[in-house]
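Working through the structure, step by step
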Amino acid sequence: MKRSVLSAALGLALAAGLATLPGADAATTANAAPAAPAVQGYTASTHAGAAAEAAHNQAFFQAVMASVKAKRAADPWLQTVTVTYDTANAPSFTSQIADAAQIWNGSVHNVRLQETGGTGDYSYYEGSDSQGSYASTDGHGHGYVFLDYQQNQEYDSVRVTTHETGHVLGLPDDYSGPCSELMSGGGPGPSCTNPYPDANERSQVDYLWANGLAAANRQSR
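Residues numbered from 1 in each chain as written. Predicted model: local features only at pLDDT ≥ 70, side-chain atom pairs only at ≥ 80, totals over all residues. Heavy atoms only, no water.

**A few points about the state of the cysteines**
For the structure shown, the criterion picks out 1 disulfide. The disulfide bridge from C179 ends at C192, spanning 2.0 Å between sulfur atoms. With the S-S dihedral at roughly 90 degrees, the linkage between C179 and C192 falls on the right-handed side. With C179 in the loop between α4 (157-168) and α5 (199-220) and C192 in the loop between α4 and α5, this pair connects stretches of sequence that are 13 residues apart. Note on C192: relative accessible area 5%, which makes it buried. (Disulfide = S-S within 2.5 Å. Helix = DSSP H or I, 4+ residues; strand = E, 2+ residues; numbered from the N terminus. Buried < 20%, exposed > 50% of the residue type's maximum accessible area, 1.4 Å probe, protein only.)

**Some points on the pairing of strand β5 (residues 143-148)**
Within β5, 6 of the 6 residues are buried, which leaves the element mostly enclosed by the surrounding structure. Residues G143, V145 and L147 line one face of β5 and the alternating positions Y144, F146 and D148 line the opposite face, and both faces are buried. Pairing geometry for strand β3 (residues 122-127) and β5, over 6 bridges, is parallel. In the sheet register, Y124 faces β5, and the bridge partner there is V145. (Pairing = 2+ DSSP bridges.)

**What to know about the confidence of the model for the chain**
Per-chain confidence: the chain averages 73 in pLDDT, with 61% of residues scoring 70 or above. The lowest-confidence element of the chain is helix α1 (residues 50-74), averaging 65 in pLDDT; the highest-confidence one is helix α2 (residues 94-105), averaging 97. (pLDDT = per-residue confidence, 0-100.)

Here it is as structure tokens:
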């Protein structure tokens, strides 16, 4: 990766490929995401900009790591951190979300994604938004990913969902990268359907979570 991954990125990569998706009018208040004080778009034309991105990256990273710290305090010998997520507010994307979790769980060792029936460390939402798909944090130790219907009709859904989950795990966007790089997001265009992180991205996530664990452990003493 061309950019540092010492903080978790919040860019959005929502893709489609769903056989049938609800239309714009299908977004309901039940699926409406919380207010988003820190968001970042999926493509270079919609992302927040370098300065804002850095702040958003750090905010999301701190939201997820707050949970990591608590888990380390409860189990100092923990080798792999389990990060939980919930999908109740994104019923149209449960298959893509499950695929994304499976891809990441098969790609890295220091962190594992697991669905929960309650409120997870982060949540998925779906609906329609003029700014498209995005990731955000509420500032109180919880983050979320919002999946926009229109973007999911244009881009490959599994790639986008896996890309967005990569932000939760600490990877920033690299829009100029090739299709083989997951975090290039929408940069290579809608024809790019690769949903897998490359070797560098996999090693970056493992590095981040190994060091994040160490930091959380030191803070919990």
